[in-house]
Amino acid sequence: MLEDVRTRWHPIAATDDLPLRHVFHGQLLGREFAVWRADDGYVNVWENRCLHRGVRLSIGINDGRELKCQYHGWRYSNRTAGCTYIPAHPADAPARTITNRSFQAVERYGLVWSSEDPGGDLPVVEGIGEDDLLVLRAIPVNASAELVAQRLQSYRFQPNSEIAGTGANVELVAASEAAVALRSCQGRAETLCVFFVQPVDSGRSVIRGVLSGRPNDAQLTAVLRYHNEALSKLRADLEREAAALPVPVPIEPIFERVSEELASLPELDSRGRKAAIRVQVARKWQTADGIMAFELRPIRGLLPTFQPGAHIDVHLPNGLVRQYSLTNGPGETDRFTIGVKLDPASRGGSQCLHDSVREGDVLAISEPRNNFPLRRDALKTIFVAGGIGVTPLLAMAQTLNNQSLAYELHYFAQNEQQLAFSECRQALGDAVMPHLGLSPSDTVNALRRLLSPYLPDTQLYICGPSPMLESTRSLAAEAGWPEAAVHFEYFKNTNVIDDSSSFEVALARSCLTIKVAAGQSILEAMRDAGVDLPSSCEQGACGTCLATVIEGEPDHQDVYLSPSERASGTKIMTCVSRSKSARLVLDA
């Protein structure tokens, strides 16, 4: 019996319970829900607990795109319920397994419907129009849903236009253990009333009533008061009757384990680069000279949670794999947006996307990875973008803008026509500061003014061409910026890789020792031995294939690690870096 109830759709809130930026505390079958509407209109129904300490999310903060727990500030994304930020670890991107349980939600008849495991269709009521109805005030009752539904069959009421009268003829139209439909007629006046009973627990319910025909403004308050008084009297009678019955056993909610998809490792492919998600190119447009933008929407379901600064691998029709940063703002998981600049020396990646990929095409992409995470604990954040390097910084700027945190986005380009994503920039307002047509020396002077002096609790994020990135990092160091406050991401590694050496690598956790031959990377040798390590760009720029060094001296040839990280000798990018010592021991 209870299993049937769990698979049935139930109302858990009224549409009016979800005003702007509010979180509603819903209850159903012994379970609590946090119900909230994002600014894009999407209704989220989540298990009502933060994954950190179990604090109720219904007392959290709805900022329109994310829900923030009030206890330790964990933030969860619209639609996916994935964690996007943990204040105790501001420099790290949360693991994708930190995802709250979410439930389906549908709005109908002015109510929000959900279910633990919906197995059928929502109820359809003839005579109730979506645009011409009145939702009554919800009436909580300390009685079982079955008892409430039985007693509602004897509810008597006047049509909307005749509430001052008496003696209306009320007929039972339909009844079930979860709903009752009644029609009241007096003369030519007629009103259909449908009650849906929300089973909160075995001994608690909520009566949710809907009337056909919305009264005019002059009658509205009187009709609502009329039914509120009548239903309150019915509640008093119901609770007296229920109090004389044996106390029912409370319903025990089912708390599921983490899904197998999140708890298990994905299957390997021959290259170690995963493309488990299929997306359709919903929109393709030119966003600037030489830059095409692509809006990618899922073939089915929702896209994974991402954090600002994340990138995806795009597997192209010509067999190439390229990495592109997401420009999305927080909570935009119904689509991914990327910008692609046509490289004059393209080896087939950007050229394929510009010339061959069309709207409607299906592409394979990886889950988002974030090796360029955004801190949200700075007094002020400065973004420095060069050309197409603006893409991850736009995502970051939108996140800070949504939280009303102080930031500046300095966008360097040759001219106005090369400034991408105008709609996004306009939404950010005066915080976006273009620097156009500057010579190399003028660019250096502008950056020097921008970075001097260093102010405590300020963070700097840089993305752009290698010469600009190197210059900005150097100027920041001269101005006294601590290395930990300077964050950067390279497009690609322009260093000439010396892979002429051969050496031995011991993989401590795998209990393997492998030979890395000349012309072979550590990453390739590991895969040949059956040990997989995540990778993305495989150029030493993105940080995905990072490994911990236990013993030996790395030969760093990447552009991802900072000078202090290189000097420590505890990290290595396995796709390009090698070993200066004859033996290297890795934690892998």
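In what follows, the structure referred to is the one given above.
For the structure given in this document, a descriptive report is provided here. (Residues numbered from 1 in each chain as written. Predicted model: local features only at pLDDT ≥ 70, side-chain atom pairs only at ≥ 80, totals over all residues. Heavy atoms only, no water.)

Regarding the overall build of the protein
When helices and strands are tallied, the protein shows 11 helices and 35 strands. With the C-alpha coordinates of the protein rotated into their principal frame, the extents come out at 95 × 55 × 50 Å. The buried share among the 588 residues of the protein stands at 51%. (Helix = DSSP H or I, 4+ residues; strand = E, 2+ residues; numbered from the N terminus. Buried < 20%, exposed > 50% of the residue type's maximum accessible area, 1.4 Å probe, protein only.)

Remarks on unusual backbone geometry
Cis geometry marks the peptide bond from Ser452 to Pro453, where omega comes out at -10 degrees. With respect to the helices and strands, the residue Pro453 is situated in the loop between helix H8 (440-451) and strand E27 (458-464). Phi is positive for Arg21, which is not a glycine, with a value near 60 degrees. Looking at where Arg21 falls in the secondary structure, it is placed in the loop between strand E1 (10-14) and strand E2 (23-28). Phi angles above zero are rare outside glycine, and Phe421 is one such case at about 55 degrees. Inspection of the secondary structure puts Phe421 in the loop between strand E25 (407-413) and helix H7 (422-428). Its relative accessible area of 8% is what places Phe421 among the buried residues.

What to know about the packing of H8 against helix H9 (residues 466-478)
When two helices pack together, their arrangement is captured by the angle between the axes and the distance separating the axes. Their axes nearest at 9 Å, the elements H8 and H9 cross at an angle of 40 degrees. Relative to H9, the element H8 is oriented oblique. Considering only the axes of H8 and H9, their crossing is right-handed. Judged by residue contacts, Val444, Leu447, Arg448 and Leu451 of H8 engage Ser471, Thr472, Leu475, Ala476 and Glu478 from H9. (Axes fitted to C-alpha atoms, helices over the stretch in contact; angles between N-to-C directions. Parallel < 35°, antiparallel > 145°, perpendicular 65-115°, else oblique. Left-handed = near helix turned anticlockwise from the far one by under 90°. Contact = heavy atoms within 4.5 Å.)

Some points on empty space enclosed by the protein
Overall, the coordinates contain one cavity of 30 Å³ or more when judged by the stated rule. Class assignment for the residues of the lining of the largest cavity results in seven nonpolar, three polar and two charged. (1 Å grid on protein atoms, 1.4 Å probe; cavity = no way out; pocket = protein on both sides within 12 Å on 5 of 7 lines; lining within 4 Å. Points joined across faces, edges and corners; volume = space filled by probe spheres on them. Nonpolar A, V, L, I, M, F, W, Y, C, P; charged D, E, K, R; others polar.)

Here's the deal with the sheet that holds strand E30 (residues 512-516)
Strands sit in the order E30-E29-E35-E31-E33 across an open sheet of five strands; the sheet is mixed. With one partner strand each, in any of the chains shown, E30 and strand E33 (571-573) form the two edges of the open sheet. When the angles between neighbouring strand axes are averaged without regard to direction, this sheet yields 40 degrees. With two bridges connecting them, strand E31 (residues 546-551) and strand E35 (residues 583-586) associate as antiparallel partners. When the sheet's bridge partners are listed, Glu551 is paired in E35 with Val585. (Pairing = 2+ DSSP bridges.)

Digging into the pattern of salt bridges
In total, this model carries 32 salt bridges according to the counting rule given. The salt bridge involving Asp40 is made with Arg79; its shortest N-O contact spans 3.3 Å. Pair noted here: Asp40 is in the loop between strand E3 (31-37) and strand E4 (43-47) and Arg79 is in the loop between strand E7 (75-77) and strand E8 (83-85), with a separation of 39 residues, a long-range link. Note on Arg79: relative accessible area 14%, which makes it buried. As a salt-bridge pair, Glu47 and Arg49 come within 2.5 Å of each other at their nearest N and O atoms. Connected through shared salt-bridge partners, Asp40, Arg65, Arg79, Glu295, Arg297, Glu332, Asp334 and Arg335 make up one network. (Salt bridge = Lys/Arg side-chain N within 4 Å of Asp/Glu carboxyl O.)

Here's the deal with the packing of aromatic side chains
A ring pair, where both rings are aromatic, is described by two values, the distance of the centres and the angle of the planes. Tallied over the entire structure, the rule returns 14 aromatic pairs. Plain terms: the ring middles of Tyr109 and Phe196 are 6.4 Å apart, the flat faces sit at 10 degrees to each other, and that makes the pair stacked. Here Tyr109 is found in the loop between strand E10 (106-108) and strand E11 (111-114), whereas its partner Phe196 is found in strand E16 (residues 189-201), with 87 residues between them in sequence. Relative accessible area serves as the criterion here: at 5%, Tyr109 is assigned to the buried category. What makes Phe196 buried here is its relative accessible area of 4%. (Phe/Tyr/Trp six-rings, centres within 6.5 Å; stacked < 30°, edge-to-face > 60°.)

Focus on helix H6 (residues 390-402)
Over its 13 residues, H6 extends 18 Å from the first C-alpha to the last, a length consistent with the 18 Å expected when each residue adds 1.5 Å. Taking burial as the measure, the 13 residues of H6 include 12 buried ones, the bulk of the element. Along H6, the residues classified as buried are Val390, Thr391, Pro392, Leu393, Leu394, Ala395, Met396, Ala397, Gln398, Thr399, Leu400 and Asn402. Of the residues flanking the end of H6, it is Ser404, one or two places downstream, whose phi is positive at about 60 degrees. (Expected span 1.5 Å × (residues − 1).)

Quick word on the side chain of Lys284
Considering the arrangement of structural elements, one finds Lys284 in strand E18 (residues 277-288). Notably, Lys284 is buried but unbridged: the nearest opposite-charge side chain belongs to Asp355, and the N-O separation is 6.6 Å. When near neighbours in sequence (up to four residues on either side) are disregarded, Lys284 contacts Met292, Ala293, Phe294, Leu353, His354, Asp355, Val357, Arg358 and Glu359. (Lys, Arg positive; Asp, Glu negative; His and termini not counted.)

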